[in-house]
Amino acid sequence: MDTCDRIRRAQPWLGTFVEITAAGAARPEMEKAVELAFAAVTRVHRLMSFHDPASDVSRLNREAGTQAVVVHAWTYQVLEMALELHRRSAGAFDIAVAPVLQNLGMLPGNENDRRRISAEADASSAIELLSGHRVRFRQRGLTIDLGGIAKGFAVDRATEVLRDCGVARGLVNAGGDLAAFGAEPEAISIRDPRDPCSVLCQVELSDAALASSGRRFNPLQSLDTMDSAIIDPITQKPVRESAGATVVAPSCMIADALTKVVMIAGDGAADLLGRHKASALLISRSGEIRVTPDWHHAGSRAA
Amino acid sequence: MMNWGNDAMTEWLRWTAPAAVVISVTAPAYAVQYLTVGEAQKLAFPSASFTEVEPGRVWKASTGGIFVFDHVIGKHLYIDYAVSIDSGGRIHRVDILQYRESYGGEVRSPSWLAQFVGKADANQLKVGGDIRNISGATLSSLHVTEGVKKIVAAYGHLR
């Protein structure tokens, strides 16, 4: 994108930095569009934060085990997709592994709860989606966390706002989960999950979304990537065999969620990727890199 | 690992990045200027004029509210950000003004920071090549979030 006719803003949301770029429209319109796009991201953050006691997610975790809870249409939409992916991935994608993260100290939880609550394999199947955007948990103590899908959903909502506002070209990047639209493809560098100093490859992204999973990392502290926050619901342990995964898909919510499935299921994710018109790159712990056959159609080239 | 059947159509391919290329793209530094202090003030309080309360750091908006400019410094990251607090003492908005990332560990050195001074006239600045869109391990915004909390606690009463 040209620098003169575009604007680029960043704000901290969803535990990371959300960057929104708009181009190809008059400046006041773009300013307004970016503000509205951030408002959509803010709304997703408020609805789906695990940490905010007023979020839909917190209300569900507190109350849905005893009574049906009405949630926002967006929360309901994310839950529908999360449960569909849970079924189709043979349980590899599971939003109910939060207690495991709590036990590992990756999510906050009260000490007494830690002993009392234990995540059960296939916990997501105890989540019931009812009419009128009501949600009920058939299992008391069930704890969900939408951290594996909400960032992608937020990117989709923000992208939709930019398009609706008449922005010709745009890019929304929530800490590496991103979507681009417009006539010119955007070059995206994929960081090597084993060495954040290096760029593994570049992907030319055009009217598509891309997400990566690896370990979280905080360059304010060090270059060490922290342990994987991806939990295999079957073993209840952080994923060890995969170092990182990148998925290109039509929607960022799908790309975001499928990176977890690829990290956990490896080759077994192929059918689900195909169903969602997604392609993937997987880096194993030993450094072997594998891609789905259509990866190169996504425009990948060595950096 | 699970296997849901692998027919020839869905077989994964081994992919190799040329070693020489990987080495050459090691990033020395990366910086983006999103907003100047003045632009951020205007976004936060569009019709206000500003009175400096602490030089270069805290301003009072004529329409009510406080604007605070701050930064967080790490080993590899340096972020300028601004917090605006509304007249009720609540967070109005948080914007990232400038973001600088370095893998050489020189973020704290004045000479490294000096290379960015005076280059903020354009909407963005380029160091070591084009501004890149990066995907990879998720960047944590924890330190900025902690900074925002401290600012609200320290300046919320000024509004």
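Residues numbered from 1 in each chain as written. Chains lettered and ligands numbered in written order. Predicted model: local features only at pLDDT ≥ 70, side-chain atom pairs only at ≥ 80, totals over all residues. Heavy atoms only, no water.

**Side note on the state of the cysteines**
Residues and elements named next belong to chain A.
So, point 1. Applying the stated criterion across every chain yields a total of 0 disulfides over all chains.
So, point 2. Not part of a disulfide, Cys165 finds its nearest cysteine sulfur in Cys252, a span of 19 Å.
So, point 3. By relative accessible area, Cys165 is classed as partly exposed at 31%.
So, point 4. The closest cysteine sulfur to the non-disulfide-bonded Cys201 is located on Cys252, 17 Å from its own sulfur.
So, point 5. Cys201 sits in the buried class, given a relative accessible area of 0%. (Disulfide = S-S within 2.5 Å. Buried < 20%, exposed > 50% of the residue type's maximum accessible area, 1.4 Å probe, protein only.)

**Observations regarding the confidence of the model for chain A**
Do not read the fine detail of predicted coordinates wherever pLDDT is low.
So, point 1. Averaged over every residue, the pLDDT of chain A is 86; the share at 70 or more is 84%.
So, point 2. Within the model, pLDDT remains below 50 along residues 111–118 of chain A, and this stretch shows 8 contacts once partners closer than five positions in the same chain are excluded. (pLDDT = per-residue confidence, 0-100. Contact = heavy atoms within 4.5 Å.)

**Looking at the packing of helix 3 (residues 73–88) of chain A against helix 7 (residues 252–265) of chain A**
Residue and element names in this part refer to chain A.
So, point 1. Put simply, helix 3 and helix 7 touch, their axes get as near as 11 Å, and they point 40 degrees apart. Regarding the angle of helix 3 to helix 7, the classification is oblique. Once helix 3 is placed against helix 7, the crossing between them reads as right-handed. In this structure, helix 3 uses Val78, Met81 and Leu85 to contact helix 7, whose residues at the interface are Met253, Ile254, Ala257 and Leu258.
So, point 2. For the contact of helix 3 with helix 7, the per-class residue count stands at 7 nonpolar, no polar and no charged. (Axes fitted to C-alpha atoms, helices over the stretch in contact; angles between N-to-C directions. Helix = DSSP H or I, 4+ residues; strand = E, 2+ residues; numbered from the N terminus. Parallel < 35°, antiparallel > 145°, perpendicular 65-115°, else oblique. Left-handed = near helix turned anticlockwise from the far one by under 90°. Nonpolar A, V, L, I, M, F, W, Y, C, P; charged D, E, K, R; others polar.)

**A few points about the packing of helix 1 (residues 27–48) of chain A against helix 3 of chain A**
All names here are of chain A.
So, point 1. Contact pair helix 1 / helix 3: the axes reach a minimum separation of 10 Å and the direction vectors enclose 70 degrees. Looking at the two axes, helix 1 sits roughly perpendicular to helix 3. Seen from helix 1, the contacting residues are Ala40, Arg43, Val44, Leu47 and Met48; seen from helix 3, they are Trp74, Thr75 and Val78.
So, point 2. For the contact of helix 1 with helix 3, the residue count by class is 6 nonpolar, 1 polar and 1 charged.

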